[in-house]
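# Analysis of the macromolecular model
Residues per chain are reported as follows:
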Amino acid sequence: MSIAITAVAVLGLLLVVLGCRRLWARGVIVGSLEGLTGLLLLSLAVLAAAVGLNLRTYDRLTHEIPVATVSFQARGDQHFSAVLVPATGRTLVFDMYGDEWQLDARILKWRGIATVLGFDTIYRLDRFGGRYRDTTQEQKRSRSVHRLSEEPGLDLWAWTRRYPRWLPWVDAVYGSATYMPMMAGATYRVTASPTGLVARPVNEAARKAVRQWP
């Protein structure tokens, strides 16, 4: 994609230069057409670059793949230290409150010409937080929600939801979440497929937490 964007930008810049030279030589009509075409190509290249920059925050999703591991240590009553290790990023440590943890992701699926061009379903981890089993506690106790991604470039997710008719090659944009109980020493592995996120216990502490999960 970056090669195509560069080629379009170079062609657009070349046409703008040629158009300016034509205008300088009093070839008003031809010069104006070349200049306008060049500006249009440059605008398209800038737009494509902005979309591409945003898409770089996502990862390809062709089958079920590991996306993160999560482990916990107790720090107090319904208070944990969580270590989140994304498959494509650095280790993150968070304070977590509650009985369960939840990991959210954004998923983009393509159709039509996008699939012909080889675009795969892509995902991006979005948020990580704690939750309480008791809804009253959820409303009154300390909460912990942590953002996992930024929005560089043009936010294709927001554009797709706001202007669906302008982006017909996007098949679906949806959020997926998985949650499991928190327990001291528990470790979970999170995987993703085109249908969403799945969490599985890795060690005995996690399996025990799942067995005791009401």
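Attention here is on the structure that accompanies the text. (Residues numbered from 1 in each chain as written. Predicted model: local features only at pLDDT ≥ 70, side-chain atom pairs only at ≥ 80, totals over all residues. Heavy atoms only, no water.)

### Description of the nonpolar core
Using the following cut-off: Nonpolar cores are built from buried Ala, Val, Leu, Ile, Met, Phe, Trp, Tyr and Cys residues. Side-chain atoms within 4.5 Å join them into one set. Buried means the residue's accessible area, taken with a 1.4 Å probe over protein chains only, is under 20% of the maximum for its type, while exposed means over 50%, and partly exposed covers the values in between. For helices the rule is a DSSP run of H or I covering at least 4 residues; for strands it is a run of E covering at least 2, with both sets numbered from the N terminus onward. When checking whether two residues touch, look at their non-hydrogen atoms; a contact exists if any pair is within 4.5 Å.
Counting residues in hydrophobic clusters, the biggest one holds 28 residues, and the most contacted among them are Val67, Phe72, Trp101 and Phe128. Secondary structure elements with two or more residues in this core: strand S2 (65-76), strand S3 (79-86), strand S4 (92-97), strand S5 (100-110), strand S6 (121-131), strand S9 (187-193), strand S10 (196-201) and helix H6 (204-211). With five residues, the single largest contributor to this core is S2. Not counting residues up to four positions away in its chain, the partners in contact with Phe72 are Phe80, Ser81, Ala82, Trp101, Phe128, Met182, Met183, Ala184, Gly185, Ala186 and Tyr188.

### Some thoughts on the side chain of Asp104
Mapping Asp104 onto the fold places it in strand S5. Asp104 has contacts with Arg124, Leu125, Asp126, Arg127, Ser176, Ala177 and Leu197, leaving out every residue within four places of it along the chain.

### Some points on the pattern of salt bridges
Here is the rule we go by: Just to be clear on terms, a salt bridge is a Lys or Arg side-chain nitrogen sitting within 4 Å of an Asp or Glu carboxyl oxygen.
With the rule as written, the count across this model stands at nine salt bridges. Between Arg131 and Glu100 there is a salt bridge, with its nearest N and O atoms 2.8 Å apart. With a gap of 31 residues between them, Arg131 in strand S6 and Glu100 in strand S5 connect regions that are remote in the sequence. Take Arg131: its relative accessible area is 24%, and that puts it in the partly exposed class. Among the residues examined, Glu100 registers a relative accessible area of 4% and is labelled buried. Here the salt bridges do not stand alone but share partners, grouping Glu100, Arg131 and Arg133 into one network.

### Focus: the pairing of S10
Our working definition: Paired strands are those between which DSSP finds at least two bridges.
Examined bridge by bridge, S9 and S10 share six bridges and lie antiparallel to one another. Residue pairing in the sheet places Ser193 in a bridge with Gly196 of S10. The antiparallel pairing of S9 with S10 creates a hairpin that spans two residues between the two strands.

### Some thoughts on the environment of Gly185
Considering the arrangement of structural elements, one finds Gly185 in the loop between strand S8 (170-181) and S9. Residue classification places Gly185 among the partly exposed positions, given a relative accessible area of 28%. On a C-alpha basis, the gap between Gly185 and Ala206 in space is 7.5 Å, while along the polypeptide they are 21 residues apart. Leave out the neighbours within four places in its chain, and Gly185 touches Phe72, Gln73, Asn203 and Ala205.

### What to know about unusual backbone geometry
Working note: non-glycine residues mostly have negative phi, and peptide bonds are mostly trans. For Gln78, which is not glycine, the phi torsion reads 55° and is therefore positive. For Gln78, the position within the fold is in the loop between S2 and S3.

### A closer look at the side chain of Ser144
The residue Ser144 is located in the loop between helix H4 (135-140) and strand S7 (145-147) in this model. According to the relative accessible area criterion, Ser144 is buried, its value standing at 5%. When neighbours within four sequence positions are excluded, Ser144 is seen to be in contact with Asp95, Met96, Tyr97, Phe128, Gly129 and Gly130.

### Topic: the sheet that holds S3
The condition is simple: In this analysis an axis means a line fitted to C-alpha atoms, helices contributing only their contacting stretch, and an angle means the value between N-to-C directions, from 0 to 180 degrees.
Pairing in this open sheet of five strands is antiparallel, and the strands run S4-S3-S2-S9-S10 from one edge to the other. Here the strands that pair on one side only, and so sit at the sheet edges, are S4 and S10. The average angle at which neighbouring strand axes cross in this sheet is 25°, direction not considered. As paired strands, S2 and S9 are joined by six bridges and run antiparallel to one another. If you follow Ser71 over to S9, its bridge partner there is Thr187. Packed onto the sheet, H6 meets S9 and S10 and runs at close to 80° relative to S9.

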